[in-house]
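One letter stands for each residue in the lines below.
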Amino acid sequence: MVDYHAANNQYAAGGPPTYMEQENDWDRDLLLDPAWEKQQRKTFTAWCNSHLRKAGTQIENIEEDFRDGLKLMLLLEVISGERLPKPERGKMRVHKINNVNKALDFIASKGVKLVSIGAEEIVDGNAKMTLGMIWTIILRFAIQDISVEETSAKEGLLLWCQRKTAPYKNVNVQNFHISWKDGLAFNALIHRHRPELIDYDKLRKDDAVTNLNNAFEVAEKYLDIPKMLDAEDIVGTLRPDEKAIMTYVSCFYHAFSGAQKAETAANRICKVLAVNQENEHLMEDYEKLASDLLEWIRRTIPWLENRAPEKTMAEMQQKLEDFRDYRRVHKPPKVQEKCQLEINFNTLQTKLRLSNRPAFMPSEGRMVSDINGAWHTLEGAEKGYEEWLLNEIRRLERLDHLAEKFRQKAAIHESWTDGKEAMLTQKDYETASLSEVKALLRKHEAFESDLAAHQDRVEQIAAIAQELNELDYYDSPSVNARCQNICDQWDTLGALTQSRRESLERTEKQLESIDELYLEYAKRAAPFNNWMEGAMEDLQDMFIVHNIEEIQGLITAHEQFKSTLPDANKEREAIQAIQAEVQKIAQYNGIKLSGTNPYTTITPQSIDNKWEQAQQLVPQRDQALQEELSKQQSNDHLRRKFATQANIVGPWIQTKMEEIGRISIEMNGTLEDQLTNLREYEQSIIEYKPNIDQLEGDHQLIQEALIFDNKYTAYTMEHLRVGWEQLLTTIARTINEIENQILTRDAKGISQEQLHEYRASFNHFDKDHSGALMAEEFKACLISLGYDVENDKQGDAEFARIMGIVDPNNSGAVTFQAFIDFMSRETTDTDTADQVIASFKILAGDKNFITAEELRRELPPDQAEYCIARMAPYSGPDGIPGALDYMSFSTALYGESDL
């Protein structure tokens, strides 16, 4: 048998005995009272089972079931939360004694003196020793730690009972025996903490059995306190057993003190979960808004990258109008959504930092940088699409002009060649006289001259057709076919012309007569006729110009042409004089003319008719040129009007951007003053919007007039539009930064002077006024504030730790918001994962896991279900079915693991 007297002696000289020492010297003779022993058996057995059931077992007979030491060791492990040495599983007496000794050694290690209680007595089933040992365990683990107003153990428990039952009539707790016999004290304790469970006013002092049964049944049903005594056991004895009553009452103390801790723990958890739920809602909003914006960009870019050309000018003009509608109607709301998205993201990150949560990392592809990249791609596609539209319109305009020119020249040429093949293949020289043959030869020479003169027109027709092909004209096949017919016919005419010349030259040797006057007429009439045809063609030629200088050049050329008309008229009169001389000679010599000039088909009448037509075309050309001049002057007015306004708006936008940059680094007034000033400044910018709208209207008029350049200004509408959007985004972002600083100041308790000091330090090292510190600048700033981050191994490690806090994305730069977050974090305290874990442990009754039933009992319904849905199953060896792991859940809330 193990003797614990030696262990007790070390306390003998230490002054008056404590309560525990007094209670250890319990009067074993009292156990001989059968009534008291019965009460202790029931109470101690129920108390042990209330703890053993946590391990899935229980006892039936208190002196028999503890004999092998196994359940005794298990009981100590449950109530202490500590591991005892591994028990021996043998059935021999020595194994049982060893197990009981391990339990007694553990009790002694907790400062408990066991007087005359040995392992052999417990193994032998000694009821007195077993009850005494259990009472010692109850004192140590259930009563000793009770403390009320500087009293502890029995006195503390008694004082607690007196305080709680003081307001109740017929209750006067002075001890742990007689004062509890009528049952009113038990009911008063329950009613004080859970008034809804008992109607105290209906209880009668003279009905002790009813009172006791009511208290015991309510405690067992609603407070999880097992029924340890029967009412008859207490009422049937003159003086109830004090130890049994103390054990029973201690269970009430622990039940009610645990409820208060649970309420505090539940409040802390509710606060933490509310913050987390709000943050998750903000994250979901960001993800949806980012997804919608990226989806819109994804759908829009292919439309802007579509370069399928249209065949007609009207179709391309419609595309341009669709693009303008996109610019005016569809894009502006998306610009606002993008700005709001950045503001929401910054606000969310600030709230996460203030609640000591990890930074929000959007899902892949939805970062702010991803959205900015997609937006940059969108604007690039937009710019390229607009340039393509304008170039395509120019191309179609050029194509229409070339196609009309081709048709005119082709029609003139086909008209000239009509009948030429029949003329070249006739055999009229075979029966002609000498003079007639000579005439035919001269006529043929004139035709060759005419043919050579038309060579240039054929080449022009071919060149225009080639250009139409190169510009991808939609009706190129018909143009090519017509051009090929002209070229083939031209080759045929050349071959026929050569063949007829050879035939006439063979006949010429026999026929030498020639009419010199007809020949001279033909030679001069042919080039003059060609000149008139060319002049008429030029006078009817379509033209396209883009500025005043070009139209003035055409007017000058036209004036030069008009200056040549007098000389041309003289040439016409000279040609007509030749024909008149022929008539004069024939009439004078009595020569009968055939009626036509044998050397040419050009008659004096045709020359006069063409001359008259040319004279009529000149004023028409004058009118067309003057109308175009007026149009170009109107276009120049539109250019000047747009340039005047653009040269005002462009510098204004630049000035406002610089002022915002300067305001963001200055420290004038409180943050609220700065926020008010910035909002007023934002309103003044918004009020400037009509000037932008006016420019948009002027720009639309310019585009409708097909004006593609403006020498009066370096600003384009695209440049001004981007500048305006950047200005609105910058002022909104600056206001958001001040709002986040206010949020940080209020949450962290930072004074205005501290914020000014932080801003001054930050600005001092922000040499380029970029609003962010590079790594080396930030290190210099930390050194100036007293941080040990010098260039050594320890300093580099500390600096790397700080950079991981202020720059989690490794961008290489530290913003002012991140800087003040870091400085405020250094001086303030926030909730931690360990605090939340401790709160859950209280709710779980000191277990390493918690059940869904416990969560629903202690937390509001929505937050209880929130925890149940997210907590992982508990996998520890002490787990039960349905156990949940609150530790991993708590660490995940603060980013220390995955939730």
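Residues numbered from 1 in each chain as written. Predicted model: local features only at pLDDT ≥ 70, side-chain atom pairs only at ≥ 80, totals over all residues. Heavy atoms only, no water.

1. Some remarks on the overall build of the protein
When its secondary structure is counted, the protein shows 32 helices and 6 strands. A total of 899 residues make up the protein; the buried ones form 46% of that total. Considering only residue pairs separated by 6 or more positions, the protein has 75% of its internal contacts joining residues 24 or more positions apart. As presented, the protein carries roughly 44,900 Å² of accessible surface, and 50% of it is formed by carbon and sulfur atoms. (Helix = DSSP H or I, 4+ residues; strand = E, 2+ residues; numbered from the N terminus. Buried < 20%, exposed > 50% of the residue type's maximum accessible area, 1.4 Å probe, protein only. Contact = heavy atoms within 4.5 Å. Areas by Shrake-Rupley, 256 points an atom, 1.4 Å probe, with all protein chains shown as cover.)

2. Topic: the packing of helix α29 (residues 833–843) against helix α32 (residues 886–893)
Direction vectors running N to C along α29 and α32 enclose 150°, while the axes themselves pass 8 Å from each other. Compared by their axis directions, α29 and α32 come out roughly antiparallel. Of the two elements, α29 crosses α32, and the hand of that crossing is right-handed. Across from Ala833, Val836, Ile837, Phe840 and Lys841 in α29, the residues of α32 making contact are Tyr886, Met887, Phe889, Ser890 and Thr891. (Axes fitted to C-alpha atoms, helices over the stretch in contact; angles between N-to-C directions. Parallel < 35°, antiparallel > 145°, perpendicular 65-115°, else oblique. Left-handed = near helix turned anticlockwise from the far one by under 90°.)

3. Thoughts on helix α8 (residues 153–165)
Between the first and last C-alpha of α8 there are 18 Å, a value that for 13 residues agrees with the 18 Å anticipated at 1.5 Å per step. Looking only at α8, the buried set comprises Ala153, Lys154, Gly156, Leu157, Leu158, Leu159, Trp160, Cys161 and Thr165. (Expected span 1.5 Å × (residues − 1).)

4. Section: unusual backbone geometry
For residues besides glycine, phi is generally negative; the peptide bonds are generally trans as well. The residue Asn170 is not glycine, and still its phi comes out positive at about 65°. Residue classification places Asn170 among the partly exposed residues on the basis of a relative accessible area of 46%. Despite not being glycine, Asp846 shows a phi value in the positive range, around 70°. Inspection of the secondary structure assignment puts Asp846 in the loop between α29 and α30 (852–858).

5. Focus: the pattern of salt bridges
When their charged atoms lie close together, side chains carrying opposite charge are able to pair. Evaluation of the coordinates by the stated rule reveals 60 salt bridges. Across the salt bridge formed by Lys38 and Asp233, the nearest N and O atoms sit 3.5 Å from each other. With a gap of 195 residues between them, Lys38 in helix α3 (residues 34–52) and Asp233 in helix α11 (residues 231–235) connect regions that are remote in the sequence. Among the residues examined, Lys38 registers a relative accessible area of 44% and is labelled partly exposed. Residue class for Asp233 comes out buried when judged on its relative accessible area of 9%. Here Arg83 makes a salt bridge to Glu77, at a shortest N to O gap of 3.8 Å. (Salt bridge = Lys/Arg side-chain N within 4 Å of Asp/Glu carboxyl O.)

6. Concerning the packing of aromatic side chains
By the definition in use, this model includes 27 aromatic pairs. Plain terms: the ring middles of Phe186 and Tyr248 are 5.7 Å apart, the flat faces sit at 55° to each other, and that makes the pair tilted. Taken together, the positions of Phe186 in helix α9 (residues 184–193) and Tyr248 in helix α12 (residues 242–305) put the pair 62 residues apart, joining distant regions of the chain. Grouping residues by exposure puts Phe186 and Tyr248 together as buried. One aromatic cluster is present, built from ring pairs that chain together Phe176, Trp180, Phe186, Phe216, Tyr248, Phe252 and Phe256. In this arrangement the basic side chain of Lys420 is found over the ring face of Trp416, its NZ or CZ atom lying 4.8 Å from the centre. (Phe/Tyr/Trp six-rings, centres within 6.5 Å; stacked < 30°, edge-to-face > 60°. Lys NZ or Arg CZ within 6 Å of the ring centre and 35° of its normal.)

7. Things to note about the confidence of the model for the protein
Taken over all residues, the pLDDT of the protein has a mean of 81, while the share at 70 or more is 90%. A low-confidence stretch, residues 510–514 (pLDDT under 50), is modelled with 16 contacts involving residues beyond four sequence positions or located in other chains. (pLDDT = per-residue confidence, 0-100.)

8. Re the nonpolar core
Within the largest apolar cluster, 78 residues are counted, with the highest numbers of intra-cluster contacts made by Trp47, Ile137, Trp180, Phe186, Ile190 and Phe252. No other element matches the 11 residues that helix α7 (residues 127–143) contributes to this core. Those residues within four positions of Trp47 in sequence are excluded, and the remaining contacts are Leu75, Ile79, Ile137, Ile138, Ala142, Met228, Thr247 and Cys251. (Core = buried A, V, L, I, M, F, W, Y, C linked by side-chain atoms within 4.5 Å.)

9. Quick notes on the side chain of His454
Position of His454 among the secondary structure elements: in helix α16 (residues 434–470). Of the polar contacts made by the side chain of His454, one reaches the backbone oxygen of Asp450; its length is 2.9 Å. Apart from residues no more than four positions distant in its own chain, His454 is found in contact with Trp416, Trp490, Asn530 and Glu533. (Polar contact = N/O pair within 3.5 Å; in protein donor to acceptor, adjacent residues only side chain to side chain.)

10. What to know about the environment of Leu554
Here Leu554 is to be found in helix α19 (residues 548–563). On the basis of relative accessible area, Leu554 is assigned to the partly exposed category, the value being 29%. Linking Leu554 and Phe543, residues 11 residues apart in sequence, is a C-alpha distance of 8.9 Å. Here Leu554 is in contact with Phe543, Val545 and Leu625, once residues within four sequence places are set aside.

11. Overview of the environment of Asn710
Along the chain, Asn710 falls in the loop between α23 (689–704) and α24 (717–748). Measuring from C-alpha to C-alpha, the distance between Asn710 and Asn547 comes to 9.9 Å, with 163 residues separating the pair along the chain. Beyond its immediate sequence surroundings of up to four residues, Asn710 is in contact with Arg639, Phe642 and Ala643. Polar side-chain contacts of Asn710 include one of 3.1 Å to the backbone oxygen of Arg639.

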